[in-house]
Amino acid sequence: MTKDMLTILTSDNRLSATSNQNPRNPQGKSAVLETNLALADRIISSWDSNSLNPSLFRNNPKETNEYLDAVDGLRGVMEILDATQSRSDKLVRAHRLMEISMARLQNEFHRILSANVEPTMVSEDGNSRQSSSDDCLTDEDESSSSGSRRSCNSNADEICEIDLMSVEAVLQLRSIAKRMVDNGYGSECVRMYGLARRPVIEGCLNRIGVERLSTSDVQKMEWGILDIKIRKWIRAVRIAVRILFASEKRLCDEIFAGFNNISNFCFDGVVKGPTTKFLEFGESVAMSKRSSERLFRVLDMYETLCDLMPDIDTVYGHDSWASMRAQASTILVRLGNLARGILREFENAIEAENSKTPVPGGTIHPLTRYVMNYLIFLSDYKDTLINITANDPTDISKGLPNSPRDLFGELDGHDDELVSPVSALSVRLGWIITSLQCKLEAKSNLYEDVSLSYLFLTNNFHYIVKKVRGSKLLPLLGYGWLSKNQGKLRQYAENYERAAWLKAFTCLRDEGIHARGDFSSGVSQQSLENRFKVFNFAIEETLRKHSGWMIPDLQLGEQLRISIAEKMIPAYRSFLGRYRKHLTGGTHCNMYIKYTPEDLETHLLDLFHSNPSSLSSRTSEIRSNPTSEKEGGSYSGVKFIISER
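Residues numbered from 1 in each chain as written. Predicted model: local features only at pLDDT ≥ 70, side-chain atom pairs only at ≥ 80, totals over all residues. Heavy atoms only, no water.

(A) Representation of the overall build of the protein within the structure. Counting its secondary structure elements, the protein contains 25 helices and two strands. Across the 645 residues that make up the protein, the buried fraction comes to 49%. Residue pairs at least 24 apart in sequence account for 80% of intrachain contacts in the protein once pairs closer than 6 positions are excluded. Accessible surface, the protein as shown: approximately 30300 Å² in total, 50% of it carbon and sulfur. (Helix = DSSP H or I, 4+ residues; strand = E, 2+ residues; numbered from the N terminus. Buried < 20%, exposed > 50% of the residue type's maximum accessible area, 1.4 Å probe, protein only. Contact = heavy atoms within 4.5 Å. Areas by Shrake-Rupley, 256 points an atom, 1.4 Å probe, with all protein chains shown as cover.)

(B) Focus on the environment of Glu351. When you line up the elements, Glu351 lands in helix α13 (residues 322-352). Considered as a pair, Glu351 and Lys439 are 88 residues apart in the sequence and their alpha carbons are 7.4 Å apart.

(C) Representation of helix α21 (residues 554-579). With 26 residues, α21 extends 37 Å from end C-alpha to end C-alpha; this agrees with the ideal 38 Å at 1.5 Å per step. Structurally, the start of α21 carries an N-cap: the backbone nitrogen of Gln555 is 3.2 Å from a side-chain oxygen of Asp553. (Expected span 1.5 Å × (residues − 1). Polar contact = N/O pair within 3.5 Å; in protein donor to acceptor, adjacent residues only side chain to side chain.)

(D) Local environment of the nonpolar core. Counting residues in hydrophobic clusters, the biggest one holds 175 residues, and the most contacted among them are Phe109, Tyr193, Phe245, Ile255, Leu375 and Trp501. With 17 residues, helix α10 (residues 223-255) is the single largest residue contributor to this core. When residues no more than four places from it in sequence are discounted, the contact partners of Leu375 are Phe346, Leu429, Ile432, Ile433 and Leu473. (Core = buried A, V, L, I, M, F, W, Y, C linked by side-chain atoms within 4.5 Å.)

(E) Broad picture of the packing of helix α8 (residues 186-207) against helix α11 (residues 260-286). In contact at an axis separation of 9 Å, α8 and α11 are set at 30 degrees when each is read in the N-to-C sense. Relative to α11, the element α8 lies roughly parallel. Crossing hand, α8 versus α11: right-handed. Listed contacts from α11 to Gly186, Val190, Tyr193, Gly194, Arg197, Arg198, Ile201 and Leu205 of α8 are Ile262, Phe265, Cys266, Gly269, Val270, Pro274 and Phe278. Split by residue class, the contact of α8 with α11 holds 10 nonpolar, three polar and two charged. (Axes fitted to C-alpha atoms, helices over the stretch in contact; angles between N-to-C directions. Parallel < 35°, antiparallel > 145°, perpendicular 65-115°, else oblique. Left-handed = near helix turned anticlockwise from the far one by under 90°. Nonpolar A, V, L, I, M, F, W, Y, C, P; charged D, E, K, R; others polar.)

(F) Expanded view of the packing of helix α7 (residues 167-182) against α10. The interhelical angle for the contact between α7 and α10, taken along N-to-C directions, is 55 degrees, at an axis separation of 8 Å. As the angle between them shows, α7 and α10 are arranged oblique. Residues Val170, Leu173, Arg174 and Ala177 of α7 pack against Leu251, Glu254 and Ile255 of α10. The residue makeup of the contact of α7 with α10, split by class, is five nonpolar, no polar and two charged.

(G) Quick peek at the packing of aromatic side chains. Scanning the entire structure with this criterion turns up 21 aromatic pairs. Between the aromatic rings of Phe346 and Tyr374, the centroid separation amounts to 4.1 Å while the plane-to-plane angle is 15 degrees, which identifies the pairing as stacked. One end of the pair, Phe346, is in helix α13; the other, Tyr374, is in helix α14 (residues 366-379), and 28 residues separate them in sequence. Pairwise contacts between aromatic rings join Phe296, Phe346, Tyr370, Tyr374, Phe377 and Tyr381 into one cluster. (Phe/Tyr/Trp six-rings, centres within 6.5 Å; stacked < 30°, edge-to-face > 60°.)

(H) Looking closely at the environment of Leu105. Mapped onto the fold, Leu105 is located in helix α5 (residues 89-115). On the basis of relative accessibility, which here comes to 0%, the residue Leu105 falls in the buried class. Distance in space between the C-alpha atoms of Leu105 and Leu56 is 8.5 Å, their sequence separation being 49 residues. Residues within four places of Leu105 in sequence aside, it is in contact with Leu56, Tyr67, Leu68, Val71, Ile176, Arg179 and Met180.

(I) Broad picture of the environment of His514. Of note, His514 is situated in the loop between α19 (473-507) and α20 (525-546). The exposure class assigned to His514 is buried, which follows from its relative accessible area of 13%. Taking the C-alpha atoms as reference points, His514 and Leu528, 14 residues apart in sequence, are found 8.3 Å from one another.

(J) Looking closely at the side chain of Asp553. In this structure, Asp553 sits in the loop between α20 and α21. For Asp553, the side chain forms a polar contact with the main-chain nitrogen of Leu556, separated by 2.8 Å.

(K) Representation of the confidence of the model for the protein within the structure. A residue-level look at the protein finds 75% of positions with pLDDT of 70 or above and a mean pLDDT of 78. This model gives residues 120-151 a pLDDT under 50, and the stretch forms 66 contacts once residues within four places in sequence are excluded. (pLDDT = per-residue confidence, 0-100.)

(L) Main features of the pattern of salt bridges. Here the structure, examined in full by the defined rule, presents 31 salt bridges. With a shortest N-O distance of 3.1 Å, Lys178 and Asp182 are connected by a salt bridge. Of this pair, Lys178 and Asp182 both sit in helix α7, four residues apart, which is roughly one turn of the helix. With relative accessibility at 37%, the residue Lys178 sits in the partly exposed group. Notably, a salt bridge pairs Glu598 with Arg573, separated by 3.7 Å at the nearest N-O pair. Of this pair, Glu598 sits in helix α23 (residues 597-605) while Arg573 sits in helix α21; the two residues are 25 residues apart in sequence, bridging distant segments of the chain. (Salt bridge = Lys/Arg side-chain N within 4 Å of Asp/Glu carboxyl O.)

Spelled out as structure tokens, the structure:
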């Protein structure tokens, strides 16, 4: 059956044309009415009693058209009888026939709806193909997180209406719906439509993991399980609103063309339950406890709902859905409030962290790793966070910087590629990092060795700078922030070198070696011997302490080794050149000159290595991958503090 069938199905034929005749004499008029009534009776009754023809629309179009014309003609007869013979037996007979025909059409309506439950998908080449609902509504791998944007039938980036039924079925249903609504059987249409379509929609949603969960269920659910539920909800709500519900709305409009109220009633009856499920889940999550691990999923939900709001206004545009649209807007606001609350708890947790055990070897503190990786993930939500935090100013704690210049150094707003560092989000992120840095400076005091405390700060500030420089945090914080913190890093590295190697460097000075304390006098043999002894001891002691010290970043370790060697080796070689000759005898000389410049260089270039023989392989690794770094896990201390609130 083609689209032209609509014209055939809805055209008036013999009965409707005859019923409109207006004979001049009553006898002729009565005869025409009797003829039309008898013809309608014969056609309608024959279909009602003929069990061999169970469906009107499984036969040829001529017979279908004949039946529909009989219904149209019967209606015309009833209108005339109602106006002229309202108490006649003919009108009673006509009403009985109309009830029979409506029962037949109602059954046909339900049969066609039930027989057409699989959507017709449109392929990329524009051709239609019949497919299972699973083709457009398959579930994604639970182990994957929110993936990249894909085609409309897998990630639903925009409204993508699909043909839920064939054109032939829609035309058949429209022809039936028109007769039933015109004859006062619209409520039966709505009921049959709901009975047939509601299970189809619910089946599609079940296949993509939609389920009804109470607020209590969500509150009691373990995070690992809830995380999976949220990921399913995010994907499912996009598919439901932009594909399934939008297509269902179009189907209602096509079947009930010209009857907007009936169309809206049918759409409401089919999608109200599933829509309520989606909104109830979103509301339950928005009311859940604040936990740092939940922030990113909450932001995902916020972004999804925010992105869907224009489509919700389109699909649920009728006035009867005003409360549902308002509920969606309220949930969006609550999700934003929850995200802000979690972010504030995260900030408070950093300030509340008070562990008193120094990390071994001055390496990167777990708090540093956790906070910086957390902020890097946050930077992926830049636009959303700017919107959420716009009216939520950060409280600058006492003792922390309280002006943009204190946080960011020289502002570089001239750079068009950077977001202004004085934006609310930039200030907030800068404050969090500054709070972390203050914590690290306090923790550096836990080390008894001053040089190790500076190495600890060097490691951690380098990690912070590296993370910002290589992520989306840099456009938010700006190059002014980067320059200022690189300066801090250099200062800590210099402080480490000075504190760790000052004693050895002091031994290479000329002061105190000469006999009478001035350079014009001769060299004091005893002073020179003592100087070499002190130097050897200083080197051995420093190397011994460094055996347990760590620099996880290979490039930073190489830079520090080279910096130390470039200062120490020339100074030591020069010292030997000036004073070796004053040590008498080869054996006697070897007692005091324990290291050749080459030996000392080897020791220095193997600093922060557990195995001296690994120097060449480490150096090769640095050259091939200067930014390589082993990442640790998350910092359970902050997680515990936040999750308990």
